[in-house]
Amino acid sequence: MAQSPPIEAKVKAATASTFVIALVLAVLNDLNGDAELLAPLPAWLQAIVIAAGPPVVTFLSGWQARHTSRISQL
């Protein structure tokens, strides 16, 4: 079984920053009291979707993206 390559730092950084932004948006959404988009979901599930959705999408898209090849300088 082939070993998968390590996750690049840019993918980790994009995931972490998106998670922070998602948390900020969730707090602002809760403070504003306007959660019509996710209104059919229970409040606890809304928080999970808002907080976990963007970083999951960011991680998967970053993982699937082609990375530029690196030329080693010897």
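As a reminder, the structure under discussion sits directly above these lines.
Residues numbered from 1 in each chain as written. Predicted model: local features only at pLDDT ≥ 70, side-chain atom pairs only at ≥ 80, totals over all residues. Heavy atoms only, no water.

So, the overall build of the chain
Counting its secondary structure elements, the chain contains 2 helices and 0 strands. Here the chain holds 74 residues, and the buried ones make up 15% of them. Long-range contacts, defined as pairs at least 24 residues apart, comprise 75% of the intrachain contacts of the chain with a sequence gap of at least 6. (Helix = DSSP H or I, 4+ residues; strand = E, 2+ residues; numbered from the N terminus. Buried < 20%, exposed > 50% of the residue type's maximum accessible area, 1.4 Å probe, protein only. Contact = heavy atoms within 4.5 Å.)

Digging into the environment of asparagine 29
The topology assignment puts asparagine 29 in helix α1 (residues 9–32). It is 9.6 Å that separates the C-alpha atoms of asparagine 29 and isoleucine 50, two residues lying 21 residues apart in sequence.

Brief notes about helix α2 (residues 43–64)
With 22 residues, α2 extends 32 Å between its outermost C-alpha atoms, agreeing within 8% with the 32 Å of an ideal straight helix rising 1.5 Å per residue. Residue alanine 52 marks the point of greatest curvature in α2, where the axis turns by about 30°; the proline proline 54 follows within four residues. Considered for burial, the residues of α2 that qualify are Gln46, Ile50, Ala51, Pro55 and Gly62. (Expected span 1.5 Å × (residues − 1). Bend = angle between axes of the 7 residues up to and from the residue.)

Observations concerning a nonpolar patch on the surface
A cluster of nonpolar residues, Phe19, Val20, Ile21, Leu23, Val24, Leu25 and Leu28, forms a patch on the protein surface that exposes about 620 Å² of accessible area. With respect to the helices and strands, valine 20 occurs in helix α1. (Patch = residues over 30% accessible without salt bridge, like charges linked within 9 Å, V, L, I, M, F, W, Y side chains within 5 Å. Areas by Shrake-Rupley, 256 points an atom, 1.4 Å probe, with all protein chains shown as cover. Salt bridge = Lys/Arg side-chain N within 4 Å of Asp/Glu carboxyl O.)

Side note on the side chain of threonine 15
In this fold, threonine 15 is placed in helix α1. With residues up to four places along the chain from it excluded, the contact list for threonine 15 reads Pro55, Thr58 and Phe59.

Digging into the environment of phenylalanine 19
Tracing the sequence through the fold places phenylalanine 19 in helix α1. On the basis of relative accessibility, which here comes to 37%, the residue phenylalanine 19 falls in the partly exposed class. In this structure, the C-alpha to C-alpha distance between phenylalanine 19 and isoleucine 50, residues 31 residues apart in sequence, is 9.2 Å.

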